[in-house]
Amino acid sequence: MLYRKLAEFYKEASENPSRLKKTEILAKFLGEIHESDKEVLYLLLGDIYPEYSEKKIGISSQLAIKAISKSIGTENSEVVREWKKLGDLGLVIEMLKKKKRQATLGKSDLTTQKVLENFRKLPELEGKGTVEKKLSLIVELLTSASDIEALYLVRTLIGDLRIGLKESTIKEAIASAFFSSDKESAKKIQDAIDRSNDIVKVFEMAKRGKLNEIENVSLEIGKPIKVMLAQKAKTIEEGFEAVGKPCAVEYKYDGFRMLIHKKGDDVILFTRRLENVTKQFPEVVDYVKKYVGGKSFILDSEAVGFDKKTKEYKPFQEISQRIRRKYDIEKLREELPVEVNVFDMIYYEGKSLLNEPFEKRTALIKKILKDQRYKIIRAKQLITGDEKKAKEFYKQALKDRQEGVMMKNLGSIYQPGSRVGFMLKIKPAENDLDLAIVGAEFGAGKRSGWLSSFILACKDEKSGKFLEIGKVGTGIKELAESEGTSFEELTKMIKPLIEKEDGKSVKIKPKIVVAVTYQEIQRSPTYNSGFALRFPRFTALRVDKPLSEITTLREVEKDYEKQKRNFRYG
Ligand code: AMP
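Criteria and thresholds
Within any chain, residue numbers begin from 1 and follow the written order of that chain's sequence. Side-chain atom pairs in this predicted model are given and counted only at pLDDT of 80 or more, local residue features only at pLDDT of at least 70, and totals for whole chains, interfaces and linings cover all residues. To obtain the side-chain values, all non-hydrogen atoms of the structure were used and water was disregarded. Here a residue is considered near a molecule or strand provided that any single heavy atom belonging to it is located within 4 Å of it. N or O atoms within 3.5 Å of each other form a polar contact, as long as, within protein, one can give a hydrogen and the other can take it, and as long as residues adjacent in sequence are counted only when both atoms are side-chain atoms. All accessible-area figures derive from a Shrake-Rupley calculation using a 1.4 Å probe, and residue coverage is judged against the displayed protein chains alone. Counting from the N terminus, the helices are DSSP H or I runs at least four residues long and the strands are E runs at least two residues long. Note on residue classes: Ala, Val, Leu, Ile, Met, Phe, Trp, Tyr, Cys and Pro are nonpolar, Asp, Glu, Lys and Arg are charged, and everything else, Gly too, is polar. Exposure is judged per residue with a 1.4 Å probe applied to protein chains only, and the accessible area is read against the type maximum: over 50% gives exposed, under 20% gives buried, and values in between give partly exposed. Between any two strands, at least two bridges found by DSSP are needed for them to pair. All axes here are fitted lines through C-alpha atoms, helices being fitted over the stretch that makes contact, and every angle between N-to-C directions spans 0 to 180 degrees. We define a nonpolar core as any set of buried Ala, Val, Leu, Ile, Met, Phe, Trp, Tyr and Cys residues linked to one another through side-chain atoms lying within 4.5 Å. Pairs of residues are marked as contacts when any of their non-hydrogen atoms sit within 4.5 Å. What counts as a domain boundary in this text is fixed by an automatic or database domain assignment. Given a helix with a known number of residues, its expected span is that number minus one, times 1.5 Å. Any two rings among Phe, Tyr and Trp, with Trp reduced to its six-membered ring, count as a pair given centres within 6.5 Å; such a pair is stacked if its planes are under 30 degrees apart, edge-to-face if over 60, and tilted if neither. Any carboxyl oxygen of Asp or Glu that lies within 4 Å of a side-chain nitrogen of Lys or Arg is treated as forming a salt bridge with it. Nonpolar side chains (Val, Leu, Ile, Met, Phe, Trp, Tyr) are joined into patches within 5 Å and like charges within 9 Å, using only residues with over 30% relative accessible area and no salt bridge. His is not counted, nor are the chain ends, whereas Lys and Arg count as positive and Asp and Glu as negative. Here the site of a charge means NZ on Lys, CZ on Arg, CG on Asp, or CD on Glu.

Peer 1: It is not clear to me how the site of the ligand should be interpreted in this structure. Could you clarify?
Peer 2: Neighbouring the ligand are 13 residues, the closest being Glu-250, Arg-257, Glu-302, Lys-408 and Lys-425. A distance of 3.0 Å is found between a nitrogen atom of the ligand and a backbone nitrogen or oxygen belonging to Tyr-253. Contact between the ligand and Lys-408: a nitrogen atom at 2.9 Å from a side-chain N or O atom of the residue. Contact with the protein chains removes 95% of the 490 Å² of surface that the ligand exposes when unbound. Sorting the residues of the shell around the ligand by element identifies β2 (247–252), β10 (404–408) and β11 (419–426) as the ones contributing at least two each. Here the residues of the shell around the ligand are counted per class, giving 4 nonpolar, no polar and 9 charged.

Peer 1: I'm lost on the pairing of strand β12 (residues 432–442) in this one. Help?
Peer 2: Along any regular strand the residues' side chains alternate between the sheet's two faces. Across the 11 residues that make up β12, a large majority, 8, are buried. Pairing analysis gives 5 bridges linking β12 to strand β17 (residues 513–517), with the strands arranged antiparallel. Bridging across to β17, Leu-433 finds its partner in Val-516. Pairing analysis gives 6 bridges linking β12 to strand β13 (residues 451–459), with the strands arranged antiparallel.

Peer 1: I would appreciate a short explanation of the sheet that holds β10 in the present structure.
Peer 2: Strand pairing in a sheet is mediated by backbone hydrogen bonds. Such pairs are either parallel or antiparallel. Taken in spatial order, the 5 strands line up as β1-β11-β10-β2-β9 in an open sheet, and their pairing is mixed. Looking at strand neighbours, the two that pair on one side only are β1 (229–232) and β9 (381–384), the edges of this open sheet. Neighbour-to-neighbour, the strand axes of this sheet turn through a mean angle of 35°, independent of strand direction. Pairing analysis gives 4 bridges linking β2 to β9, with the strands arranged antiparallel. Within β9, the position partnered with Cys-247 by the bridge is Thr-384.

Peer 1: What should I look at first to understand the nonpolar core in this one?
Peer 2: Where a protein is soluble and globular, its nonpolar side chains tend to be buried together. Among the nonpolar cores identified, the biggest contains 73 residues, and Phe-9 and Phe-119 are the most heavily contacted of them. Per-element tally for this core: the top contributor is helix α9 (residues 147–157), with 7 residues. In contact with Phe-119, not counting residues within four places along its chain, are Leu-43, Ile-48, Ile-57, Leu-141, Leu-153, Thr-156 and Leu-157. If you look at the next biggest cluster of nonpolar residues, it comprises 66 residues, including Leu-299, Ile-498, Ile-512 and Leu-533.

Peer 1: Looking at this structure, how should I read the environment of Lys-425?
Peer 2: The topology assignment puts Lys-425 in strand β11. With residues near it in sequence (within four places) discarded, Lys-425 still touches Ala-230, Gln-231, Lys-232, Ala-233, Lys-252, Val-405, Met-406 and Arg-419.

Peer 1: I would appreciate a short explanation of the domain arrangement of the protein chain in the present structure.
Peer 2: Quoted interface sizes are often the accessible area lost when the parts come together. Entries for the protein chain in the domain assignment read domain 1 (3–157), domain 2 (167–215), domain 3 (229–426) and domain 4 (431–569). For domain 2 versus domain 3, the distance between C-alpha centres works out to 31 Å.

Peer 1: What's the story with helix α8 (residues 130–144) in this structure? I'm lost.
Peer 2: The α-helix advances 3.6 residues per turn, and as a result positions three or four apart in sequence lie on the same side. Here α8 is 15 residues long and its end C-alpha atoms lie 22 Å apart, about the 21 Å a rise of 1.5 Å per residue gives. Of all the residues in α8, the buried ones are Thr-130, Lys-134, Leu-135, Leu-137, Ile-138, Val-139, Leu-141 and Leu-142. Where α8 is buried, its residues meet α4 (61–72), α6 (89–99), α7 (112–121) and α9.

Peer 1: What's the story with the packing of aromatic side chains in this structure? I'm lost.
Peer 2: For any pair of aromatic rings, the description consists of the separation of the ring centres together with the inter-plane angle of the planes. With the rule as written, the count across this model stands at 11 aromatic pairs. Judged by centre distance (6.3 Å) and plane angle (45°), the ring pair of Phe-9 and Tyr-10 falls under tilted. The pair formed by Phe-9 and Tyr-10 is uniform in burial state, with each residue classed as buried. Seen from their ring centres, Phe-256 and Phe-281 are 5.5 Å apart, and the 40° between their planes marks the pair as tilted.

Peer 1: Whenever I open this one, the pattern of salt bridges confuses me. Can you help?
Peer 2: When the charged atoms of two side chains lie near each other, side chains of opposite charge can form a pair. By the definition in use, this model includes 49 salt bridges. Its salt-bridge partner being Glu-78, residue Lys-100 comes within 3.5 Å of it at the nearest N-O pair. In this pair, Lys-100 sits in the loop between α6 and α7 while Glu-78 sits in helix α5 (residues 76–86), placing the two residues 22 residues apart along the sequence. Close ionic contact of Lys-187 with Asp-191 constitutes a salt bridge, the shortest N to O distance being 2.9 Å. Taken as a pair, Lys-187 and Asp-191 lie in helix α11 (residues 183–196) at a separation of 4 residues, close to a single helical turn. On the basis of relative accessible area, Lys-187 is assigned to the partly exposed category, the value being 49%. Through salt bridges that share partners, Asp-88, Arg-155, Asp-160 and Arg-162 make up one connected network.

Peer 1: Could you clarify how one ought to interpret a positive patch on the surface in this entry?
Peer 2: A contiguous patch of positive charge, built from Lys-232, Arg-419, Lys-462, Arg-554 and Lys-558, is present on the exposed surface. Position of Lys-232 relative to the elements: it lies in strand β1.

Set out below in structure tokens:
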């Protein structure tokens, strides 16, 4: 397929903000994709492989700038100057191509196969001369591209397509392109995408009109799926109202989500971000082999840190380095041990358990897992319909230094990637948000050369836009002590994400998620969310949380309203 067709689709989709219109345009485009071009769908989502693959394009803005200047035959400084004005490297190359009369509009014969071929070589390169080799692969594409093609090539490279296409739109578009666009087939398509995490696979079946094949798409070991997420409840009473009586009440552990896949002798561990962390947790691999029976299974769990001497549980931020650190693993494993608390099971001996009731899934865990404290163990659970007992259990969870409890409906299925109303989390009222860093400022004096103040954003769930909500610099000194995240390290993480510089301030591509506490939320015209945080403070770097799970504007509004009520009556 000609890349031009894809670029034209991108353009049309970005010019039509309405979701309905976008779905219509996409359905038409999908109908025109030949089966042999099915991998175009990865590009469509700004990717080169299925979502679960670890091979990502991963090009920094800095490298993209070099590639642009080389392909145009201009200085880096000119590209940077234009970038500061336009704030988007895609627009920069489009403009420069037009200006230098390099445009081959309508004439380019660049194909999507060629684009995928070159892009797929990028994550494979290692060792000496990597940067040069990457540059030449990119420059080859950019020089043969028309101006609009170059715009989208660059945006894909830096992971910022800006066409506002959501996975749910794709699901609806596939349904309406190949089946009557009824809700039922859209649901089947969504389920198949959830189970396989591979849009191309589902597209292929849809194109052949095989709804029955789509229904049978199953989980596969080694291919992580998105985890099921919980909604919030304020009290145990409210929890029972939502999930019914009796229900399962479980400890809500303050660690990080770990998905455990096992097939034969292979054990693979994933975070909720679908990142493979098997190498970082060799002891967990051993525990699984030793203490869990069965040839093939997928377990859902929370790994919690504990003090090796006192055996007291530790909060998440104190063990987060275990996820990030790729060296000194043996030493870290000794110093920061984790206990794996298994709370769900979604696959067993060749069969998916997604549609089995929760009660049955947990009963199976009991059958195959030999509980080993401080190694691998079933999450503490109480099945009850008694409010008093549930409240005592909640108190005990807090005494044991955990965050609170989860309340789960006994008959419910496992719904990947959704925040469901049949699994609830209950924590003591705490002012706690997960936000994305979208900008920063260089410090002065002792901190000059480092970014020392960070602009935070929540997400508008309707438009998908990041909306600013405050600025924070406090809490990092403490973080440096507990988990080793210093100003220096944050600066290093942020620099490759810089999109725009203005004096001491930079705007960055949202990628880093942080947990923040605050004293109060106020209405404020200063930030485009309409809210500002009073006395915000960093509590953790959430390396395990994807951007899609940060606090939404709606949740901020809710917290604001709740706090107003509390002030009034409390
Ligand atoms: P949150 O991250 O605040 O949305 O809370 C939900 C998270 O709690 C899940 O994603 C898990 O990582 C974690 N969690 C801890 N204990 C449990 C449990 N017993 N069942 C389910 N999730 C748990």
